[in-house]
Amino acid sequence: MDELVRRRIRVEGVVQGVGFRPFVHSVATGLGLGGHVGNDARGVIIEAEGPEGAIADLVHALRTRCPPLAVVEEVTVSAVPPLGERTFRVVDSADGGPRTVSVPADVATCEDCLREISDPADRRHGYAFTNCTGCGPRFTIVRDIPYDRGNTTMADFPLCPACAAEYHDPANRRFHAQPVCCPECGPRLRLVDAAGNPLPGDPVDGAAAALAQGAIVAVKGLGGFHLAVDATDDDAASALRKRKNREAKPFAVMVADLERARQLCSLDDAEAALLTSRRRPIVLLDRLPHAPVAPAVAPGNTQLGLLLPYTPVHHLLLRRFPKPIVLTSGNASDEPIAHRDDDALQRLSSIADVFLTHDRPIHAPADDSVVRAFRGKQLVLRRSRGYTPEPVVLPWEFPRPVLACGAELKNTFALAERRKVVLSQHIGDLEDYPTFRSYGGGIEHFRALLGIDPQVVVHDLHPEYLSTKYAEELDDVELLGVQHHHAHIASCLADNGHPGPVVGVAFDGLGYGPDGTLWGGEFLLADLAGYRRVGHLEPVPLPGGAAAVRQPWRVAVSYLVRAYGNDVPAGLALLRRRDRWARIAALTRTPRHSPLSSSAGRLFDAVAALLGVRDVNDYEGQAAIELEQLADPTERGRYELPVSGGDVLRLRGADLIREVVNDVLAGAAPSAVAARFHNAVGRAIVEACVRVRDSTGVRTAALSGGVFQNALLLDRTTAALRARGFQVLVHSRVPPNDGGISLGQAAVAGALDRGRES
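Per-chain numbering applies: the sequence of each chain, read as written, is numbered from 1 onward. Given that this is a predicted model, residues contribute local features only at a pLDDT of at least 70 and side-chain atom pairs are listed and counted only at 80 or more, while totals for whole chains, interfaces and linings are drawn from all residues. The side-chain numbers reported here are obtained from all heavy atoms of the structure, hydrogens and water having been left aside.

A. Spotlight on the overall build of the chain. A count of helices and strands for the chain gives 22 helices and 28 strands. The atom set for the radius of gyration is the C-alpha atoms, and the globule formula is 2.2 Å times the number of residues raised to the power 0.38. What you see for the chain is a C-alpha radius of gyration of 27 Å, in line with the 27 Å of a compact globule of 758 residues. Projected onto its principal axes, the C-alpha coordinates of the chain cover approximately 90 × 70 × 50 Å. When accessible area is computed with a 1.4 Å probe and restricted to protein chains, residues below 20% of their type maximum are described as buried, those above 50% as exposed, and intermediate ones as partly exposed. Residues classed as buried in the chain amount to 61% of the 758 residues present. Surface accessibility in these figures is a Shrake-Rupley result with a 1.4 Å probe; residues are shielded only by whichever protein chains are displayed. A total accessible area of about 27,500 Å² is found for the chain, and carbon and sulfur atoms account for 50% of it. For this count, His and the chain ends are skipped, Lys and Arg are scored as positive, and Asp and Glu as negative. For the purpose of locating charges, the reference atoms are NZ of Lys, CZ of Arg, CG of Asp and CD of Glu. If the 84 positive side-chain charges of the chain are averaged to one point and the 91 negative ones to another, these points end up 3 Å apart. Helix and strand assignments follow DSSP, with helices taken as H or I runs no shorter than four residues and strands as E runs no shorter than two, numbered in order from the N terminus.

Structure, rendered in structure tokens:
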């Protein structure tokens, strides 16, 4: 008979709330092992007793056969004295000790639960809060760890005998599923009017009827409230725009399934996989020419942001109302998403006609994530529900815990310890006070949840960013300022697990440069610890500063002045603003009111204005987005964006503007001009990277910054760089825009710390 041994096995990673303890119980029981499994602040702790070979089989299963939602980061094994146990148990969780467990993200409703909801004979038929260990709320209901029911917002819903039996049955898929409930013991839906008064009848039926009548319905989801209307009803969508104060930014559209998604947009396999993934993000897709969607849903846009239902509430609603619905964040323009019932009624009562809500509290708000497919893989544009707070695991250690405060716009913050960086959900633009207040509260929640007390706090160099001011007000920490575009490149390096050096191309809107100008079209020779600026777009004045960001025609004037002086050609559509043109041209010569900027984003704005695409942005990046969508993807012609200089290369944007103007005045098709412009920018990026490679030997390029959300530019640039022998790094786990800045800031801090240790 084999000698019996006992081993303590610790499993770390995303291992709580994903069915890991039931999995361990099943495997250990099948191997005839005794012992127990439980949660603690670090993950899952197992003690297994039996033959050494059987324990080895258990450890192998932990590393290779874990549940689908689990992410095992580390398994450690140590010997402990045998106790003579012959049965295997699930034990209560242990508090205390350092917190290193990864809190799971929220997961879309699984097929097993959907079958129960659809089965009239099932006790959960039509129940809007059906879930199991394979699906349901996680991060948004967690108040504390270990991840047990008492530490979630389900603590106020005691289990009924039937649910308790499932919860304690190791053979049941709801074994230790913390949000488990049913109509007898769980949360309940209700439909109320804008004053909070209950409305009679079935809540889902009432909400569906309201949608059919053209009403605006506020729907409480996993991470907050959404505003819904019939997406085929232009009057309803227009009313939502007016009440929400959202003039032009596209609304997301939810459809019941893939079949209905294909009636609105073209889908390849990668896009279908993103739509149906457990994360259920909004996926940007090419709109079909005659898609039955109201013009007001995405005015002038050739794409739609589609998503599929991810809660039972959504599934039930779309069964009663089987048409596409707008599902946009429950807020007025630029505010944080509403997630508490009282706050939602106060803030949304002037927008929504009725509220489909429930009594399960949301502890951590989380907006929907947004992605697009790029070359068969995901490109994350907004990382939030379904992704947060799963960590980005790096191949390098953090010697000290780090808080990275992120950027001003599209803010996320990050906490880093050991080899993990946990990014927050999308916070938004901090210049809005309620968003900044949410930012501070979010940091405190994450610090408590993760048990991380940062010693290093990283911020942007811009002294007026509210994230910088937040960092400067913290006590007993070491502050570190990281240049915005270095953080972009470091983010791309961390996203790819690459230490550098690279030729980093950081193209975005604006970022504070150490020379006092506003950078944004940068070539950096960079690794995680540092960078050298080796090239950039020639700076031009931004007349009126922030006003030029909102009004692309101002940037076009600046480029025309740079290109032509006082002899601007007649006939440009831009000259319809002749009454203001001379004043703005004069303003470009006043440095105090026209800061210099090398921004690539502003160059895109200028060309959009010259083509008559967009003179004023109703939302960030609108002109550049519309310019990309205008471009003819079959056009292979290009303009010249000359690259000159020695140690520091300069890309002469004014020369490119002259070529654009020549084609515009010659009557070239705007779609061709837009495409030739994109091709010119891609070609200039490649030329600059080749020059840097030839002088340094660095053969890897990293592409980051908000401009590289542009799929056309990203595709052309990536293909051309690879054709010239470059390894090309692009984003996949975090956004290339400022939503990924916090990861880069943290990565820089860790690298500098490691450098001091060596």
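B. Examining the pattern of salt bridges more closely. Put simply, a salt bridge is a Lys or Arg side-chain nitrogen that is within 4 Å of an Asp or Glu carboxyl oxygen. This structure, assessed with the given rule, holds 55 salt bridges. Ionic pairing is found between Glu85 and Arg6, a salt bridge with its closest N-O pair at 2.7 Å. Of the two residues, Glu85 is situated in the loop between strand S4 (71-80) and strand S5 (88-90) and Arg6 in strand S1 (residues 4-14); the sequence distance between them amounts to 79 residues. When sorted by exposure, Glu85 lands in the same class as Arg6, which is buried. In this structure, the salt-bridge partner of Asp202 is Arg320, at a minimum N-O distance of 3.1 Å. With a gap of 118 residues between them, Asp202 in the loop between strand S6 (189-193) and helix H5 (203-212) and Arg320 in helix H9 (residues 312-320) connect regions that are remote in the sequence. The class of Asp202 is partly exposed, set by a relative accessible area of 37%. Linked by salt bridges that have partners in common, Arg6, Arg8, Glu47, Glu49, Glu85 and Arg89 make up one network.

C. Spotlight on the environment of Leu191. In this structure, Leu191 sits in strand S6. The class of Leu191 is buried, set by a relative accessible area of 6%. In contact with Leu191, not counting residues within four places along its chain, are Asn197, Pro198, Leu199, Pro203, Gly206, Ala207, Val354, Phe355 and Leu356. Contacts are residue-level and defined by heavy atoms, with any inter-residue pair within 4.5 Å sufficient.

D. Region of the structure containing the sheet that holds strand S9 (residues 252-254). A pair of strands is considered paired only if DSSP assigns at least 2 bridges between the two. Spatially, S6-S13-S7-S8-S12-S9-S11-S10-S14-S15 is the arrangement adopted by the ten strands of the open sheet, whose pairing is mixed. One side of each edge strand has no neighbouring strand; the edge strands of this open sheet are S6 and strand S15 (377-382). Direction aside, neighbouring strands of the sheet carry axes that sit 35 degrees apart on average. Alignment of strand S10 (residues 282-286) against strand S14 (residues 370-374), held across two bridges, turns out to be parallel. Each residue of the ladder has a partner; that of Ile282, found in S14, is Val370. H5 rests against S6, strand S7 (217-220), strand S8 (225-230), strand S12 (325-329) and strand S13 (354-358) of the sheet, and its axis sits at about 40 degrees to S6. Between the N-to-C directions of two axes lies an angle of 0 to 180 degrees, each axis being a line fitted to C-alpha atoms and, for a helix, fitted only over the stretch in contact.

E. Spatial organisation of the state of the cysteines. The term disulfide is used for any two cysteine sulfur atoms that are within 2.5 Å. A complete count under the given rule lists zero disulfides for this structure. No disulfide involves Cys689; its nearest neighbouring cysteine sulfur is the one of Cys492, lying 12 Å away. For Cys689, a relative accessible area of 0% translates into the label buried.

F. Broad picture of the packing of helix H15 (residues 552-564) against helix H19 (residues 653-665). Where H15 contacts H19, the two axes come as close as 9 Å, and the packing angle between them is 100 degrees. As judged from the angle between their axes, H15 and H19 are roughly perpendicular. Here Tyr559, Leu560, Arg562, Ala563 and Tyr564 of H15 come into contact with H19, specifically with Gly653, Ala654, Ile657, Arg658, Val661 and Asn662. Ten residue types, Ala, Val, Leu, Ile, Met, Phe, Trp, Tyr, Cys and Pro, are classed as nonpolar, four, Asp, Glu, Lys and Arg, as charged, and the remainder, Gly among them, as polar. Within the contact of H15 with H19, the residues separate by chemical class into seven nonpolar, two polar and two charged. The cut-offs work like this: below 35 degrees is roughly parallel, past 145 is roughly antiparallel, 65 to 115 is roughly perpendicular, and the gaps in between are oblique.

G. Expanded view of the sheet that holds strand S19 (residues 478-482). Reading across the sheet, the four strands line up as S17-S16-S18-S19 and stay open at both edges, with mixed pairing between neighbours. In the strand order of this sheet, the two ends are held by strand S17 (414-423) and S19, each with one partner. Strand-to-strand, the axes of this sheet are offset by a mean angle of 60 degrees, without reference to chain direction. Two strands pair when backbone bridges link them, and strand S18 (residues 456-460) and S19 are joined in this way by five bridges, in the parallel orientation.

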